[in-house]
Amino acid sequence: MTAPFRTIGQPVGKIDGVELVTGRARYTADLQFPGSLQAVARRAGVAAGLLRHLNVEEARRSPGVVLVLTPADLPGPNLIGILPPFDQPLLAGPEIRHEGDSLALVVAETQEEAEAAASRIVAEIEPFIPLLDPEEALHADARKIHANGNLTFAKQLLKGDVEAGFAQAEVIVEDTYRTSVQDHAYLEPEAVLAVPESDGRLTVYASCQSPFHLRGHIAVNTGLPASRVKVVQPFVGGSFGGKDDAVTEMGSLAGAAALKLGRPVRIVHSRRDSFLGSHARHAAIIHLKTGAMRDGTIIARQAEILLDGGAYASESPFVVMKALIHVAGPYKIPHLRVDCRAVYTNKRQAGAMRGFGVPQVTFASESQIDALARKLGLDRWELRRHNALTVGEANATSQVFHESVGLVQTLERVKEEGDWPACLKRAHAGDNPRFKRGVGLAAMMQGISNGAEGIDVVGASVQVSQDGSVLVGLGLTELGQGSRTAMAQIAAEILGVSLEKISVRQVDTDTVHDSGPTVASRTTTVGGKAVWMAAQTVRTSLLEMAGLMLKAPAEAIELGLDHAYLRENPQAQIPLAQVATAAYWTGFPLMNLAFSRAPDAQYDHETHQGQIYIAYNYGTHLMEVEVDTWTGKVRVLRHLASHDVGKAINPLGVEGQVEGASLMGLGFAHLEEVLEENGKIRNANFADYQIPSFAERLPTRFLPVEEATSNGPFGAKGIGEPPLAGAAAAFTNAVSDALGISFRRLPITPQRILEALEG
Ligand code: MOS
């Protein structure tokens, strides 16, 4: 296929956009089945303790109640988790590990009846003093939250000789940075609907992120073989890493109840249930030390990272890996030592959330880069440029890329389009006693693919019908990020079919192949590669058939605009529908299932040196802010975001991801914090937990850089997560610049700004 592309690189609306904006799209909670029951979990309500007795008698006798499930009623092992050994019970007891632990599931005719009955369950709990401080939880004499102790996962990264590096350094900066718990805050809370089928199978409709992971857990916990469980994913109103664990619990419980009762059972989380019963972003304590030469060359960095993992492991191990590898930032640093640990506490569990540890460490790293610039009297942009990773340079894991390292290009684009010198002049020129202006920069990178977190295999299918239309299927899911559209574009490009003739399945575990989890900004890169591969085989059939029909060798044929034609003589053409029909009757395969497997990570597990991610997304953000020193409110006046996306399959989709992730970064840095008191969440609703609203939307301008990777389709690299970290760090640096105060704890809320000004 020859460029220019017809579909790739074109800004196209989402293929399901009309359905979404007209409200026709149906989400799990919209689905209606006759005889559906509603279920609600009775939560522990205390952060830590021993369940002495659970009295469900009154609840069983409550109006409308048909079943109260307790641990004894569960046919399976009553365990879920992301990584073995699984550590999270579906229904907890006797040990209570956090406020949101489910003790029993009440199933009733209506939601109101289920809720009323759940409140009548009497739980006698002998309370423990909850372990809430991650540092305390690590003390040798701390109470053990799990039998194997409170250390969930620990990893170390060693590169060069960090002692020698610091000995050589002419300046050293050192600080401790803290970040807070951020909720996923998706528009649609978690929901499942389990339907027992007449043939004994179980169908579970679920607002989930990884349907095959869910299917596996439902099978184990209901005692059915996986092949007798079908998970269907309707439209999902956001997930951001959040709809794995909680939905696994809900799907397994609803499934067990539905099989027992022979009736459909639905669980739809309220916003409060979503806060209590799902996981969130890890709060982090990051101790960071950087040594440099007077000219700004960074020579050594040491980091100790402690992640508060809450009650269960969830995806803490993966977040540990990401934080470990990314705390060095997108810089060439010869000497590194990083220790990263996740720890259990008696709080809501932490797990995957957009960025996966990268936003926390990027904030710390980029704050420290600014501190270093101040100490050395160097320009903040020049310091970043001076240390920036380029092609051929070793990154933190000593991995060297020979392509697709576009960091310097993103720095240059932001400097030019943003007019960096003018920004600096403008920053304080307009200051008055009340309003202070500042400018912040942040550079970052984020590994694409599972990398050190797992093997990257994706199965995808492409099927051409006799009318020349195409059906694409893969096990990676649409969560709102636009992946179905990107997959449609890839198939359309390869098969020469117009986008309108492409459909992309919504995931149903009966009809698509397990493609691993939809995580780690891997869908476009690794999933897109599988679609690319599957489409190539079908393309070969079409080319060969068209060759027979046009009496030319297959190599002379091109596909485009729903036709096959001779490359040298485009007038000689046949509609693709005719080619597809002929190919079908000739017996040429018009369907293909292909598996892409990304190059495996290969590294030393003690030092984390080696090949880890198949590519990195690089980015630079610039923000100009105005701080109202009377109210602590911050106005973002300007936001430039440049990312190296390899190739923008759909520039409009990329822009949407940059805007959305950046806004979530603003929430992380400025507004959002799950507050707890004695292990109980105080703001489990959107009145008290603040997310950016339309009023706070950023004036984001995206500046694309396209340094292709050979590991992605058409060179594409993921963009779903990276801008979050970049925007959060740039915001922090801009506010610090405006006020001349270094903020070392996120979020920098208006209240914290006022406190800092008073201090
Ligand atoms: Mo995502 S945070 O990699 O589920």
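Please read these numbers as outputs of a predicted model, since none were measured by experiment. Sequence order as written defines the numbering, with residues in each chain counted from 1. Local features are withheld for residues below a pLDDT of 70 in this predicted model, meaning they are given only at 70 or higher, and side-chain atom pairs are given and counted only at 80 or more; totals for whole chains, interfaces and linings count all residues. Hydrogen atoms and water are omitted, and side-chain values are computed over all heavy atoms in the structure.

**Some thoughts on the sheet that holds strand S13 (residues 283-292)**
(1) Moving on: Reading across from one edge, S7-S15-S14-S13-S8 is the order of the five strands in this open sheet, with mixed pairing throughout. In this open sheet, the two edge strands, each paired with only one partner strand, are strand S7 (151-159) and strand S8 (171-179). The average undirected angle you get between the axes of adjacent strands in this sheet is 5 degrees.
(2) Moving on: Strand pairing requires that DSSP identify at least two bridges connecting the strands. Only DSSP runs of H or I reaching four residues or more are called helices, and only runs of E reaching two or more are called strands; each is numbered from the N terminus. Inspection of the sheet shows strand S14 (residues 298-310) paired to strand S15 (residues 335-344) by ten bridges, in the parallel sense. Bridging from a neighbouring strand, Ile-305 pairs with Cys-340 of S15. Here the axes come from fitting lines to C-alpha atoms, over the contacting stretch only for helices, and the angles between their N-to-C directions go from 0 to 180 degrees.

**Thoughts on unusual backbone geometry**
The phi angle of most residues is negative, glycine excepted, and most peptide bonds adopt the trans form.
(1) Moving on: Here the amide bond leading from Gly-93 into Pro-94 is cis, since omega sits at -5 degrees, within 30 degrees of zero.
(2) Moving on: With respect to the helices and strands, Pro-94 occurs in the loop between strand S3 (65-69) and strand S4 (95-96).
(3) Moving on: Residues Leu-746 and Pro-747 are joined by a peptide bond in cis, for which omega reads 0 degrees.
(4) Moving on: Mapped onto the elements of the fold, Pro-747 is located in the loop between helix H18 (722-739) and helix H19 (750-758).
(5) Moving on: Of note, the phi angle at Ser-404 is positive, near 60 degrees, even though the residue is not glycine.
(6) Moving on: Relative to the helices and strands, Ser-404 resides in the loop between helix H11 (380-387) and helix H12 (407-418).
(7) Moving on: Residue Lys-551 is not a glycine yet carries a positive backbone phi of 55 degrees.
(8) Moving on: Inspection of the secondary structure assignment puts Lys-551 in the loop between helix H15 (523-550) and strand S20 (557-560).
(9) Moving on: Here the term buried applies to any residue with accessible area under 20% of the maximum for its type, exposed to any over 50%, and partly exposed to those in between, with areas from a 1.4 Å probe on protein chains only. With a relative accessible area of 73%, Lys-551 lands in the exposed category.

**A short note on the pairing of S14**
Working note: regular strand, side chains alternate between the two faces of the sheet.
(1) Moving on: Burial of S14 is extensive: twelve of the 13 residues sit out of reach of the surface.
(2) Moving on: Here S13 pairs with S14 via ten bridges, running antiparallel. Across the sheet, residue Ala-284 finds its bridge partner in S14, namely Leu-307.
(3) Moving on: Counting the residues between successive antiparallel strands, the hairpin from S13 to S14 contains five residues, one of them, Gly-296, with a positive phi of roughly 100 degrees.

**Thoughts on the domain arrangement of the protein**
(1) Moving on: Here the protein is partitioned into domain 1 (17-24 + 457-597), domain 2 (32-128 + 190-268) and domain 3 (283-451 + 604-758).
(2) Moving on: The C-alpha centroid of domain 3 is placed 37 Å from the C-alpha centroid of domain 1.
(3) Moving on: With 17 residues of domain 1 at the interface, the matching set in domain 3 holds 20 residues.
(4) Moving on: Using a 1.4 Å probe, buried area is obtained as the accessible area two parts lose upon being combined, added over both of them. Across the interface of domain 1 and domain 3, roughly 1400 Å² is buried in total on both sides, 60% from carbon and sulfur atoms. The split into domains, and so the bounds of each, comes from an automatic or database assignment of domains. The contact definition used throughout considers only heavy atoms, calling two residues in contact when any of these lie within 4.5 Å.

**Brief notes about the packing of aromatic side chains**
(1) Moving on: When the centres of two rings from Phe, Tyr and Trp lie within 6.5 Å, Trp using its six-membered ring, the rings pair. Their planes under 30 degrees apart give stacked, over 60 give edge-to-face, and anything left gives tilted. Tallied over the full model, the rule gives twelve aromatic pairs.
(2) Moving on: Taking 5.7 Å as the distance between ring centres and 85 degrees as the angle between the ring planes, the aromatic pair formed by Tyr-177 and Phe-363 counts as edge-to-face. Here the residue Tyr-177 occupies a position in strand S8, and Phe-363 occupies one in helix H10 (residues 358-376), the gap between them amounting to 186 residues. Here the two residues Tyr-177 and Phe-363 agree in accessibility, since each one is buried.
(3) Moving on: Geometrically, the ring pair formed by Phe-318 and Phe-356 is tilted, given 6.5 Å between the ring centres and 45 degrees between the ring planes. Of this pair, Phe-318 sits in helix H9 (residues 316-326) while Phe-356 is found in the loop between S15 and H10, placing the two residues 38 residues apart along the sequence. For the pair shown, Phe-318 and Phe-356 are each scored as buried.
(4) Moving on: One aromatic cluster is present, formed by Phe-401, Tyr-613, Tyr-616 and Tyr-618 through successive ring pairs.
(5) Moving on: One residue, Lys-415, lies across the ring of Trp-381, its end atom 4.2 Å from the ring centre.
(6) Moving on: Placement of a charge over a ring requires the Lys NZ or Arg CZ to be within 6 Å of the ring centre, with the centre-to-atom vector within 35 degrees of the ring normal. Cation over ring: Arg-697 sits above Phe-694, and NZ or CZ is 4.2 Å from the ring centre.

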